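Here's the letter readout for the chains.
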Amino acid sequence: MNAIAAAATTSTGEAVQFWILGTIAVIGAFSTILLKKSVHSALALAGTMVVLAVFYLANGAYFLGIVQIIVYTGAIMMLFLFVVMLVGVTAADSLKETLKGQRWLAVGCGLGFGILLIGGIGNASLSSFNGLGAANALHGGNVEGLANLIFTKYVFAFEITGALLITATVGAMVLTHRERTERAKTQREMSEERVRGKHLPPLPAPGVYARHNAVDIAGLLPDGTPSDLTVMKTLRDRGQIRDVSQEALADLKALEQRSGERLGREDADAVARGANPASAAENSEAAK
């Protein structure tokens, strides 16, 4: 009689634990469905699962508590969280409704499930509370008792469940397998394809030495010809590369000379000095 009364009585520590962790679990559950970002919702759900695991451990269900942490929180939820983080689902993607009417359908299903749950709990009758102490002591512990039930009384259902999980795994691999339409390339062939037709040494710097350093001007090679490797492919495709060939430089020099002749000799020297200080100094000496 004392054992039954002790099992049905809640101690102060259990009450404090229940109200603190229960509040955290409810907040995490509401955060899971109210937060806008999927990553935050997954973290809130993981916190709720950890609290449930603590409840299992506190009530003597050690196996369920460890499975709740390792399988559900540590494996399934973390896998889902990593997938969401890698895919990069934003708040806009989460709020975008891809199927028409799915939100109202989800609300209806949630209300129906809540009504069934409340009705089931309201009609439940519990005259005495035994707890897990007697069940755990029957086989020497919680894990031992579960193992005895799984591999004796429910061994057929356990094997069927394992076969279904293996079949689902194999089916997922078959559905995602891509039939190869060509021969697999060897490592040597892939290396040759990566190297062939590309410039192995470091690319020359953009711009013309001592005249320009802009990225849209091709650098000059030792023979004076411009190199297309010094400008990015995007600018080449857009046709936004400035011409620095010998013909363009000669035209620019002739334009500067004509401008200098119109402005006068001194102004011409100033223009030439701004374009090329060395040649401007030579022109000034020759004029003297």
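All values derive from a computational prediction rather than experimental measurement. (Residues numbered from 1 in each chain as written. Predicted model: local features only at pLDDT ≥ 70, side-chain atom pairs only at ≥ 80, totals over all residues. Heavy atoms only, no water.)

Caption draft 1: Representation of the overall build of the protein. Along the protein, the regular secondary structure elements total 14 helices and two strands. Counting across all 288 residues of the protein, residues that qualify as buried make up 15%. With an accessible surface of roughly 22,400 Å², the protein has 66% of that area assigned to carbon and sulfur atoms. (Helix = DSSP H or I, 4+ residues; strand = E, 2+ residues; numbered from the N terminus. Buried < 20%, exposed > 50% of the residue type's maximum accessible area, 1.4 Å probe, protein only. Areas by Shrake-Rupley, 256 points an atom, 1.4 Å probe, with all protein chains shown as cover.)

Caption draft 2: Expanded view of the side chain of Gln68. Within the secondary structure, Gln68 sits in helix H4 (residues 62-87). Judged by relative accessible area, Gln68 falls into the buried class, the value being 10%. Excluding its chain neighbours within four sequence positions, the residues that come into contact with Gln68 are Met49, Leu52, Ala53, Tyr56 and Thr73. (Contact = heavy atoms within 4.5 Å.)

Caption draft 3: Quick look at the environment of Thr23. Locating Thr23 in the fold gives a position in helix H2 (residues 12-34). Taking the relative accessible area as the measure of exposure, Thr23 reaches 41% and is therefore partly exposed. Once the C-alpha coordinates of Thr23 and Val51 are considered, the two residues, 28 residues apart in sequence, prove to be 9.8 Å apart.

Caption draft 4: Local environment of the packing of aromatic side chains. Counted by the stated rule, this structure contains three aromatic pairs. Summarising the aromatic geometry, the rings of Phe18 and Trp19 are spaced 5.5 Å apart at their centres and angled 75° between planes, so their arrangement reads as edge-to-face. A residue is classified by how much of its surface remains accessible, and Phe18, at 47% relative accessible area, is partly exposed. Centre to centre, the rings of Phe151 and Phe158 are 5.5 Å apart; their planes meet at 65°, and the pair counts as edge-to-face. Owing to a relative accessible area of 52%, Phe151 belongs among the exposed residues under this scheme. (Phe/Tyr/Trp six-rings, centres within 6.5 Å; stacked < 30°, edge-to-face > 60°.)

Caption draft 5: Fine view of the pattern of salt bridges. If you walk through the whole model with that rule in mind, you get one salt bridge. Of the charged contacts in the structure, one is a salt bridge between Arg183 and Glu189, with a shortest N-O distance of 3.1 Å. (Salt bridge = Lys/Arg side-chain N within 4 Å of Asp/Glu carboxyl O.)

Caption draft 6: Structural detail: helix H3 (residues 38-58). Taking 1.5 Å per residue, 21 residues should reach 30 Å; H3 reaches 31 Å between its end C-alpha atoms and fits that length. Every buried residue belonging to H3 is among Ser38, Ser41, Ala42, Ala44, Ala46, Thr48, Met49, Val51, Ala53 and Phe55, and all of these are buried. Two residues or fewer past H3, Gly60 is found with a positive phi of approximately 90°. (Expected span 1.5 Å × (residues − 1).)

Caption draft 7: The arrangement of the environment of Asn59 in detail. If you trace the backbone, Asn59 turns up in the loop between H3 and H4. The class of Asn59 is exposed, set by a relative accessible area of 53%. Along the sequence, Asn59 and Gly133 sit 74 residues apart, while their C-alpha atoms lie 9.2 Å from each other. Here the side chain of Asn59 touches Phe55 through a polar contact of 2.7 Å, landing on its backbone oxygen. (Polar contact = N/O pair within 3.5 Å; in protein donor to acceptor, adjacent residues only side chain to side chain.)

Caption draft 8: Representation of the confidence of the model for the protein within the structure. In the predicted model, the protein carries a mean pLDDT of 75, and the fraction of residues at 70 or more is 72%. Across the protein, the secondary-structure element scoring lowest on mean pLDDT is helix H14 (residues 277-287), at 45, and the one scoring highest is H2, at 89. Confidence drops under a pLDDT of 50 for residues 277-288, and excluding neighbours within four residues, the segment shows nine contacts in the predicted structure. (pLDDT = per-residue confidence, 0-100.)

Caption draft 9: Fine view of the packing of H2 against H3. Relative to each other, H2 and H3 sit at 150°, their axes nearing to 8 Å. In terms of orientation, H2 and H3 fall into the roughly antiparallel class. As for how H2 packs across H3, the hand of that crossing is left-handed. Along its contact with H2, which presents Gln17, Phe18, Leu21, Gly22, Ile24, Ala25, Gly28, Ala29, Ser31 and Thr32, the element H3 presents Ser41, Ala44, Leu45, Thr48, Val51, Val54, Phe55 and Ala58. By residue class, the composition of the contact of H2 with H3 is 11 nonpolar, seven polar and no charged. (Axes fitted to C-alpha atoms, helices over the stretch in contact; angles between N-to-C directions. Parallel < 35°, antiparallel > 145°, perpendicular 65-115°, else oblique. Left-handed = near helix turned anticlockwise from the far one by under 90°. Nonpolar A, V, L, I, M, F, W, Y, C, P; charged D, E, K, R; others polar.)

Caption draft 10: Molecular detail of the side chain of Ser41. Tracing the backbone through its elements, the reader meets Ser41 in helix H3. Note on Ser41: relative accessible area 11%, which makes it buried. Among the polar contacts made by the side chain of Ser41, one reaches the main-chain carbonyl oxygen of Thr32 at a distance of 3.2 Å. Contacts of Ser41, omitting those with residues within four sequence positions, involve Ser31, Thr32 and Leu35.

Caption draft 11: Molecular detail of the environment of Gly141. Considering the arrangement of structural elements, one finds Gly141 in the loop between helix H7 (133-138) and helix H8 (142-153). In sequence terms Gly141 and Tyr62 are 79 residues apart; their C-alpha atoms lie 9.2 Å from each other.

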